[in-house]
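# Notes for the structure review
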Amino acid sequence: MNSSKLIRNKWFIVIFFLFYFGIFWGAFRWVYKNEILLQLLYEGAESPDADKVMMLYNAMMRKVPGRKEINSYYCLGKILIRAEKRKEAIKVLNSMIKITPDDRSVRLWLAIELHNQQRYREAEKHFVVLLKKNSKDLAQKYAEYN
């Protein structure tokens with residue numbers, strides 16, 4: 001069969017593009033498998049599968065997180081809380097605090113989780129930081145007002 005006839009053949013074109021698209025789709029799924037799993041577990045309504053959660057946790061905690069991954073670690077923390085893996089969630093929250101120490105909501109979340117785990121001394125450190133920042137903010141607003 002002549003190559004120009006093969007290219008003109010509609011079935012060949014369709015099969016070629018389906019195969020081509022399949023390769024790209026498979027490569028995409030392979031490269032972003034952790035991110036896809038993270039979103040599926042985060043958006044799920046029921047309690048997540050503990051094995052999948054721990055696999056994702058181990059994969060994400062192997063690398064040093066950066067500012068770009070803060071949303072992924074936030075989702076992982078929420079998933080771990082839903083899966084009743086609170087000690088691992090505290091580790092994730094601690095790594096988030098190292099990335100963004102000024103994020104008050106993450107610090108409060110960490111302090112509450114530490115308090116719920118009866119780790120009061122560690123929780124107190126974070127509550128003190130939150131209260132100091134709050135008092136500084138109030139003093140600054142008061143100074144601006146006067």
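The structure presented is a predicted model; accordingly, all values stated were derived computationally and were not measured.

## Thoughts on the packing of aromatic side chains
- Enumeration over the complete set of coordinates arrives at 7 aromatic pairs.
- Here the aromatic rings of phenylalanine 28 and tyrosine 32 are separated by 5.1 Å at their centres, their planes lie at 50°, and the arrangement is tilted.
- When its relative accessible area of 38% is taken as the criterion, phenylalanine 28 is described as partly exposed.
- For tyrosine 32, a relative accessible area of 40% gives the class partly exposed.
- Feature note: the residues Phe16, Phe17, Tyr20 and Phe24 constitute an aromatic cluster, connected by ring pairs.
- Cation over ring: lysine 78 sits above tryptophan 109, and NZ or CZ is 4.6 Å from the ring centre.

## So, the nonpolar core
- Core analysis: the largest hydrophobic core is formed by 28 residues, its most contacted members being Leu38, Leu56, Leu76, Leu80, Val92 and Met96.
- Mapped by element, the contributors of at least two residues to this core are α3 (33–43), α4 (50–61), α5 (70–82), α6 (86–99) and α7 (104–116).
- Those residues in contact with methionine 96 that sit more than four places away from it in its chain are Ile70, Tyr73, Tyr74 and Val106.

How each quantity is defined
- Residues numbered from 1 in each chain as written.
- Predicted model: local features only at pLDDT ≥ 70, side-chain atom pairs only at ≥ 80, totals over all residues.
- Heavy atoms only, no water.
- Phe/Tyr/Trp six-rings, centres within 6.5 Å; stacked < 30°, edge-to-face > 60°.
- Buried < 20%, exposed > 50% of the residue type's maximum accessible area, 1.4 Å probe, protein only.
- Lys NZ or Arg CZ within 6 Å of the ring centre and 35° of its normal.
- Core = buried A, V, L, I, M, F, W, Y, C linked by side-chain atoms within 4.5 Å.
- Helix = DSSP H or I, 4+ residues; strand = E, 2+ residues; numbered from the N terminus.
- Contact = heavy atoms within 4.5 Å.

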